[in-house]
Amino acid sequence: MTEGTVLVTGGTGGLGGAVTAAFLKAGWRVVVPEREPGGTAPSGPVRVTADLLEPAGAARAVEAATAEPAAPLRAVVNLVGGYASGGLVHETPVEEFDRMLRINLRPTYLVTQAALPHLVAAGGGAVVCVSARAAVAPFPGAAGYATAKAAVLAFANAVAVEYRQRGVRCNTVLPSVIDTPANRAAQPDADHRRWVPPAEIASVIRFLASAESAPTSGASVPVYGRA
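Predicted model only: the values in this text are computed from it and were never measured.

Cut-offs and rules
- Residues numbered from 1 in each chain as written.
- Predicted model: local features only at pLDDT ≥ 70, side-chain atom pairs only at ≥ 80, totals over all residues.
- Heavy atoms only, no water.
- Helix = DSSP H or I, 4+ residues; strand = E, 2+ residues; numbered from the N terminus.
- Rg over C-alpha atoms; globule rule 2.2 N^0.38 Å.
- Areas by Shrake-Rupley, 256 points an atom, 1.4 Å probe, with all protein chains shown as cover.
- Lys, Arg positive; Asp, Glu negative; His and termini not counted.
- Charge placed at Lys NZ, Arg CZ, Asp CG, Glu CD.
- Phe/Tyr/Trp six-rings, centres within 6.5 Å; stacked < 30°, edge-to-face > 60°.
- Buried < 20%, exposed > 50% of the residue type's maximum accessible area, 1.4 Å probe, protein only.
- Lys NZ or Arg CZ within 6 Å of the ring centre and 35° of its normal.
- Polar contact = N/O pair within 3.5 Å; in protein donor to acceptor, adjacent residues only side chain to side chain.
- Contact = heavy atoms within 4.5 Å.

Digging into the overall build of the protein
Argument step 1. Secondary structure assignment for the protein yields 6 helices and 7 strands.
Argument step 2. Overall, the protein shows an N-to-C arrangement of helices and strands of β-α-β-β-α-β-α-β-α-β-α-α-β.
Argument step 3. The C-alpha atoms of the protein give 17 Å as radius of gyration, which agrees with the globular expectation for 227 residues (17 Å, within 12%).
Argument step 4. Its C-alpha atoms give the protein principal-axis dimensions of about 50 × 35 × 35 Å.
Argument step 5. Put simply, the protein shows about 10,800 Å² of open surface, and 56% of that area lies on carbon and sulfur atoms.
Argument step 6. If you average the places of the 19 positive and of the 17 negative side-chain charges in the protein, the two averages end up 6 Å apart.

Structure representation (structure tokens):
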């Protein structure tokens with residue numbers, strides 16, 4: 001029997017692929033929104049074309065996630081985001097600062113907002129958001145990114161407080177550097193052994209989305225590895 005449905009945004013990315021695989025292995029129905037149309041394999045995730053930067057796109061993704069009565073929506077995993085480094089604050093155009101907020105916070109807000117009524121109606125569920133270590137330990141040249149990820153963390157904590165009496169939990173994971181091909185290409189001389197494999201973070205996310213973590217809400221879970 002299926003565990004239910006999980007909506008995984010960013011499910012085709014470096015971390016998203018591992019998260020999707022972890023939920024599929026555990027027996028979940030997985031819905032993955034994409035900006036461009038993609039095919040759906042019989043044993044793979046359900047793919048839906050949706051622009052998660054817009055309310056209509058978020059609503060479309062949630063509609064697909066709630067389309068199977070036998071597998072009600074039980075979890076939302078917000079992975080969509082992006083990183084850009086730059087200069088110090090006085091060197092960074094406000095447009096770049098705004099862009100970091102838009103791509104990291106807006107999809108998380110819109111998808112969670114659209115999904116919450118369904119989670120409540122189904123008797124509860126879980127939301128898992130992805131912040132970053134930079135949210136609590138910023139580094140130079142990434143004020144926009146650090147601010148955006150701190151906003152994601154604050155938003156997740158607000159959801160946890162507002163919906164705890166309605167059976168919806170919300171937790172956040174804070175990665176450091178994830179061992180993805182893109183990060184290896186960007187930092188070829190780094191010690192990649194210190195980075196965290198996506199599959200290890202995926203296991204934590206799946207746990208936080210499942211009934212196994214039922215007592216836990218409002219947690220900020222570091223997944224730093226040795227980085």
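So much for the structure itself; the text now carries on.
Some points on the packing of aromatic side chains
Argument step 1. Following the criterion strictly, the structure yields 4 aromatic pairs and no others.
Argument step 2. Aromatic pair Phe23 and Trp28: ring centres 5.2 Å apart, planes at 85°, arrangement edge-to-face. Taken as a pair, Phe23 and Trp28 share a single burial class, namely buried.
Argument step 3. Measuring from centroid to centroid gives 4.8 Å for Tyr83 and Tyr145, while their planes differ by 90°, and the two rings are edge-to-face. In this pair, Tyr83 is assigned in the loop between β4 (73–78) and α3 (94–121) and Tyr145 in helix α4 (residues 143–163), connecting sequence segments 62 residues apart.
Argument step 4. Overall, Tyr83 belongs to the partly exposed group, its relative accessible area being 45%.
Argument step 5. A connected cluster of aromatic rings, assembled from ring pairs, spans Tyr83, Phe139 and Tyr145.
Argument step 6. The cationic tip of Arg133 hangs over the ring face of Tyr224; the distance from NZ or CZ to the ring centre is 4.8 Å.

Let's talk about the side chain of Glu34
Argument step 1. Among the structural elements, Glu34 can be located in strand β2 (residues 29–34).
Argument step 2. Residue class for Glu34 comes out buried when judged on its relative accessible area of 14%.
Argument step 3. A polar side-chain atom of Glu34 sits 2.9 Å from a polar atom in the side chain of Arg47.

Focus on the environment of Leu53
Argument step 1. By secondary structure assignment, the location of Leu53 is in the loop between β3 (46–49) and α2 (55–65).
Argument step 2. For the pair Leu53 and Leu15, spaced 38 residues apart in the sequence, the C-alpha separation amounts to 20 Å.
Argument step 3. Residue contacts for Leu53: discarding those within four places in its chain leaves Arg35, Arg102, Ile103, Arg106, Pro107 and Leu110.

That's the geometry; what it means functionally is another story.
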